[in-house]
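Each chain, written out:
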Amino acid sequence: MNGFFQIENLSKNFGGIQAVNAANLRMEENEILGIIGPNGAGKTTLFNLICGVYSPGSGRILFKGQEIQGKKPHWIAKRGIGRTFQICQPFKDLTVLENVLVSYGHSFYDRWTCFGRYAGRPHVEGATKLLVQLGLEKYRDWESKDLSLALQRRLEIARAMALNPEIILLDESAAGLTYEESLDLIKLVRELKHRGKSIILIEHNMNVAMEVSERLYVLDHGAVIAEGTPEVIQRDERVINAYLGSE
Amino acid sequence: MEKILENWVTGITLGSIYALISIGMTMVYGLIKVLHVAHASVYVLGAFLGFSIYALTGNIWLAFPAAMAGCALVGYLIYSQIYQRVQDARADITFIISLGLFMAMADAFRLIAGPYSLSFSHTFSFPGYQSGILKITPEQLLVIGSSVLLMGVVWWVVNKTKTGLAWKASAQDREVAMGLGLKVNYYFGLNFIFGSALAGIAGVLVGIYYGQVNPNMGFLWSYKVFVVMVLGGLGNVLGTVVASYFLGIAESFTISYFGYFLPRDAIAFILMIIVLIFLPSGVMGRRQRI
Amino acid sequence: MTFVCINILLSLSVGVLTGYAGQISLGQAAFMGIGAYTAAFVTTKMGLSCWLGIPCSVFAAAIVGFGLGLISLRLKDDFLAIATMGFNFVVVGVLLYAPMFGRALGMGDIPMLSFFDNPLSREAFLGFCVASVVVVILVVWWLQRSWVGLAWRAIREVQEVAEVMGVNITKYKIFAFVVSTAIAGFSGYLYAHFVLFITPYDFVFTNSTFAVTLAVLGGMGTIRGPVLGAIILTVLPEYLRFIQDYRMLTYGLLLVVILLFQPEGLIGNKSFLWRHLTGLRIFRRKPVSVEATQ
């Protein structure tokens, strides 16, 4: 199977709890994929498996034909997969600019170039351009812990973008946002697609998920229980049961 | 044969002492996830308090409650004034704070009581135990007896009282416990008081057993307590007790049969480092959940 | 005065490892010891030039530091702390028991640094020390300006996230240990050629906590912090002689009080003093221009 991005029969077990159960997923280039499911369904674990934080028990993850499961996170990051986190985790003592520079410098860390100045003019300009794209340039020298939640989420996205990734994983980026802020987020996701990125987003906010995803996967208890376009998923009985049943 | 029995007895006595000191520290770790090094200083305090009361009153049995009370108070102060303030700090910073406190207290003891050992001897009115070649001195009897008694108390408190239940709940998940209305800080404080009182008794016992107290007592035992805690599983009271006896007996036999190829503390630490490296990820500190 | 330099180096070694990379080490004194004993060994037992001691001491300390770095990968935070503490005990234990290092009596008759058989005068030696300190400060300054420094700070913040952002945390953690222990080893080299007689007791664990106190007092995470801390704690006991007897008490209390109430140290990046100093007109830098768009 040679496509852009596939997950084949991926499983992950944590001491008896099957967090991810034989999950299968496929994504074409430049798609916007949504992953939804009740709490504890294994969505974030799936992201952690994709970006290398966990090693799967079994199964494969293929990115442009290459197996990436079980590889180290920094290797995967350099291959072109960036992510944000469910609970915002900026580098608190670093400024907004420095936060972005950390991932911006991903290509320098493993060569002799790592001894170069990180605040050099081309780097700062490049990172600032990213901040402008996300509307954060005003806060460039702020300490990241002083940002509001919505801005922190954007910072996380900026950080992921600085990897120049082909795939961006957004983990509940709409959580805690107001209505207007989530509209901004939807606009942003579409903008990312326009720039050629492929996006997978985990969302609990149904409006956002249904509005922006081109296709959806529904997870429950670690397994994929449904897949399809938003219209199809909204009517799918299994999905409705999964959400209601878990209350 | 007699030597073997003697080693067993010594080992069990040693193990009892390790257990009494370690229980307090491992309980604290289980609850607030802090390596409370200063606990060793509390233990030394107990020894000195007991010694002072004995010197003042000549009554050995008064020494114990005095030590318990003093240590409980100091333990509580340490919790409320120090650990409560740094609840969300990184674990290594908290450890360094505890270490600083430990060293400051050790030096304070040296300044107050002088750097030399003070003789703490008392002949007990009850005899030891002798049966054939098995010989247990009255001091050993006291140590082993009190330890068993106290560990029984610990077991009872942890497993049969509301306090023990609160401890177990808070150890599992502090926020959930708080959410359920548990006055977590109150129970943490109780835990410190309880553990510190135990350490105080241990201090008096050690003083009596070795016939002396000196300000450097804490140093000798503190590193061994680390080893015991790591071997027994951090926060695991039963494991710590088992590990204490294991270490006590092992030490007793090795001292008697082999020389040292390295100082005792170095050997203990090598053992501990090896165990730490090969333990499952449960010991790798709190991995950030992302 | 020479001790100030030696202690500055020691303090910087802690600053690099803990202040920047966020890895705790309570064993720096052991590395100073490794450096010192290597220097002594190279000159007394092997009869080589005393200047060869520089690469040898640094290298010896760095190799062992590499090993400690490997160990550190499996441990985090407080467990790393006790492991490094244990490591200090082990090193001291080895030095105490190894016959080739003179056991408890240590090694003596270490020659002074000499230039073609002319021993350096005290002033010259001091000059050499100061020069070394300057060199090390430059190196550390360079590192913290570079991607290495940024990577270290990211690791100190949230290492799992740093890894997902492309930082090879294994490599950088080990590198932090190597740099830090190399500096400590070099400080040992200077120490050996200054006091000319070393024993294992010079490098016990309590000295490691002294090293940490130095860095904490001034403020980790900067260069000025450890330097100031070292200066204060080396010079002050000279002027306040009575403090000598209360050293452990003072250091212990300092650690507790500073970490409780001002963990950034005296002149660390967000400390009370520093913020006020940089608020002053004379210290204010030109504001960075920020586009005020949108």
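Remember, predicted model here, so these are calculated numbers, not experimental data.

**Side note on the overall build of chain A**
In terms of helices and strands, chain A carries nine helices and ten strands. For 247 residues, the compact-globule estimate of 2.2 N^0.38 gives 18 Å, and chain A sits close to it at 18 Å. Evaluated residue by residue, chain A yields a buried proportion of 57% over its 247 residues. The long-range share in chain A, meaning contacts at least 24 apart out of those at least 6 apart in sequence, stands at 65%.

**Observations regarding the overall build of chain C**
A tally of helices and strands in chain C yields twelve helices and two strands. Ordered by position from N to C terminus, the α and β elements of chain C give α-α-α-α-β-β-α-α-α-α-α-α-α-α. Expected size for 294 residues packed as a compact globule is a radius of gyration near 19 Å; at 20 Å, chain C falls within 12% of this value. Oriented by its inertia axes, the alpha-carbon framework of chain C measures out at about 70 × 45 × 40 Å. Put simply, chain C has 294 residues, and 57% of those count as buried. For chain C, the proportion of contacts with a sequence separation of at least 24, taken over those separated by at least 6, is 76%. Carbon and sulfur atoms make up 69% of the accessible area of chain C, which amounts to about 12,000 Å² in all.

**Considerations on the environment of B:Leu205**
Residues and elements named next belong to chain B. Tracing the backbone through its elements, the reader meets Leu 205 in helix H8 (residues 184–210). Take Leu 205: its relative accessible area is 1%, and that puts it in the buried class. Separated by 63 residues in sequence, Leu 205 and Leu 142 place their C-alpha atoms 7.9 Å apart. Every residue in contact with Leu 205, bar those within four places of it in the chain, is listed here: Leu 20, Phe 64, Leu 142, Val 143 and Ser 146.

**Notes on the pattern of salt bridges**
As enumerated under the stated definition, the model contains 20 salt bridges over all chains in all. Salt-bridge contacts for A:Glu67 lead to A:Arg60; the nearest nitrogen and oxygen are separated by 2.7 Å. You can call A:Glu67 partly exposed: its relative accessible area is 32%. A salt bridge links B:Asp107 to B:Arg110; its shortest N-O distance comes to 2.8 Å. Pair noted here: B:Asp107 and B:Arg110 are both in helix H4 (residues 91–113), with a separation of three residues, about one helical turn.

**A short note on the confidence of the model for chain C**
Residues and elements named next belong to chain C. When the pLDDT values of chain C are averaged, the result is 82; 93% of them are 70 or greater. Low pLDDT, under 50, characterises residues 281–294; the predicted model gives this stretch 14 contacts beyond four residues in sequence or across chains. Across the assembled chains, the prediction reports ipTM 0.88 with pTM 0.85.

**So, the sheet that holds strand E9 (residues 215–220) of chain A**
Residue and element names in this part refer to chain A. Spatially, E6-E7-E8-E3-E9-E10 is the arrangement adopted by the six strands of the open sheet, whose pairing is mixed. Edge positions in the sheet fall to strand E6 (81–83) and strand E10 (223–228), since each of these pairs with one other strand and no more. Ignoring strand direction, the axes of neighbouring strands in this sheet form an average angle of 20°. This element, helix H5 (residues 149–161), spans E6 and strand E7 (167–171) of the sheet and lies at about 160° to E7.

**Considerations on helix H5 (residues 122–145) of chain C**
All names here are of chain C. Taking 1.5 Å as the rise per residue, H5 with 24 residues should run 34 Å; its terminal C-alpha atoms sit 35 Å apart, in good agreement. Residues of H5 that are buried include every one of Phe 125, Cys 129, Ser 132, Val 133, Val 136, Val 140 and Leu 143, and no others. Contacts from the buried residues of H5 go to helix H1 (2–20), helix H6 (147–157) and helix H8 (169–195).

**Notes on the side chain of B:Thr94**
Residue and element names in this part refer to chain B. Among the structural elements, Thr 94 can be located in helix H4. Residue class for Thr 94 comes out buried when judged on its relative accessible area of 3%. In contact with Thr 94, not counting residues within four places along its chain, are Val 34, Tyr 83, Val 86 and Ala 89.

**What about the interface of chain C and chain B?**
Chain C puts 42 residues into the contact, and the matching count from chain B is 46 residues. At the surface where chain C touches chain B, the tally comes to two residue pairs in polar contact (both at pLDDT 80 or more). For the side of chain C that touches chain B, the secondary structure elements donating two or more residues are helix H4 (77–97), helix H7 (159–164), helix H9 (205–218) and helix H11 (247–261) of chain C. At 15 residues, H4(C) tops the list of elements feeding residues into the side of chain C that touches chain B.

**Some thoughts on the packing of aromatic side chains**
Note on aromatic pairs: each is described by the distance of the centres and the angle between the planes. Under the defined criterion, the tally for this structure stands at 27 aromatic pairs over all chains. Measuring from ring centre to ring centre gives 5.9 Å for C:Phe186 and C:Tyr189, while their planes differ by 10°; the resulting arrangement is stacked. Of this pair, C:Phe186 and C:Tyr189 both sit in helix H8, separated by three residues, roughly a single helical turn. For C:Phe186, a relative accessible area of 10% gives the class buried. Its relative accessible area of 0% is what places C:Tyr189 among the buried residues. By way of ring pairs, the aromatic residues A:Phe108, A:Tyr109, A:Tyr118, C:Trp147 and C:Tyr172 are connected into one cluster.

**Comments concerning unusual backbone geometry**
All names here are of chain A. Phi is positive for Ala 22, close to 45°, though the residue is something other than glycine. Its place among the elements puts Ala 22 in strand E2 (residues 17–27). On the accessibility criterion, Ala 22 (33% relative accessible area) is partly exposed.

**Here's the deal with helix H3 (residues 53–72) of chain C**
Residues and elements named next belong to chain C. Here H3 spans 28 Å end to end across 20 residues, near enough to the 28 Å set by a 1.5 Å rise per residue. Among all positions of H3, only Gly 53, Ser 57, Ala 61, Ala 62, Gly 65, Leu 68, Gly 69 and Ser 72 are buried. Taken around the axis of H3, the buried residues stretch over an arc of 145°, which confines them to a single face. Turning to H3, the residues buried within the fold contact helix H2 (28–45), H4 and H8.

**Some remarks on the packing of H9(C) against H11(C)**
All names here are of chain C. Axis separation between H9 and H11 bottoms out at 10 Å; the angle between their running directions is 45°. On the basis of the axis angle, H9 is oblique to H11. Between H9 and H11 lies a crossing whose hand is left-handed. Only Met 248, Tyr 251, Leu 254, Leu 255, Ile 258 and Leu 259 of H11 make contact with H9, whose side of the interface consists of Thr 206, Phe 210, Val 212, Thr 213, Val 216 and Leu 217. Residue composition of the contact of H9 with H11, grouped by class: ten nonpolar, two polar and no charged.

**Points about the packing of H6(C) against H8(C)**
A packed helix pair is summarised by two numbers, namely the angle formed by the two axes and the spacing between the axes. All names here are of chain C. Interhelical geometry of H6 versus H8 gives an angle of 105° and a closest axis separation of 10 Å. One element, H6, and the other, H8, form an angle in the roughly perpendicular class. Contacts between H6 and H8 involve Val 148, Ala 151, Trp 152 and Ile 155 on the former and, on the latter, Ile 169, Tyr 172, Lys 173, Phe 175, Ala 176 and Val 179. Along the lines of polarity and charge, the residues of the contact of H6 with H8 split into nine nonpolar, no polar and one charged.

**Here's the deal with the sheet that holds strand E4 (residues 58–63) of chain A**
Residues and elements named next belong to chain A. In spatial order, the strands read E2-E1-E4-E5; together these four strands make up an open sheet with antiparallel pairing. Both edges of this open sheet fall to E2 and strand E5 (66–67), since each of them pairs with a single strand only. Here seven bridges tie strand E1 (residues 5–14) to E2, and the two strands are oriented antiparallel to one another. Across the sheet, the residue bridging to Asn 13 is Gln 18, located in E2. Against the sheet, helix H1 (residues 43–50) engages E1, E2 and E4, with an angle of about 115° to E1.

Analysis parameters
- Residues numbered from 1 in each chain as written.
- Chains lettered and ligands numbered in written order.
- Predicted model: local features only at pLDDT ≥ 70, side-chain atom pairs only at ≥ 80, totals over all residues.
- Heavy atoms only, no water.
- Helix = DSSP H or I, 4+ residues; strand = E, 2+ residues; numbered from the N terminus.
- Rg over C-alpha atoms; globule rule 2.2 N^0.38 Å.
- Buried < 20%, exposed > 50% of the residue type's maximum accessible area, 1.4 Å probe, protein only.
- Contact = heavy atoms within 4.5 Å.
- Areas by Shrake-Rupley, 256 points an atom, 1.4 Å probe, with all protein chains shown as cover.
- Salt bridge = Lys/Arg side-chain N within 4 Å of Asp/Glu carboxyl O.
- pLDDT = per-residue confidence, 0-100.
- Pairing = 2+ DSSP bridges.
- Axes fitted to C-alpha atoms, helices over the stretch in contact; angles between N-to-C directions.
- Expected span 1.5 Å × (residues − 1).
- Polar contact = N/O pair within 3.5 Å; in protein donor to acceptor, adjacent residues only side chain to side chain.
- Phe/Tyr/Trp six-rings, centres within 6.5 Å; stacked < 30°, edge-to-face > 60°.
- Arc of directions from axis to C-beta.
- Parallel < 35°, antiparallel > 145°, perpendicular 65-115°, else oblique.
- Left-handed = near helix turned anticlockwise from the far one by under 90°.
- Nonpolar A, V, L, I, M, F, W, Y, C, P; charged D, E, K, R; others polar.

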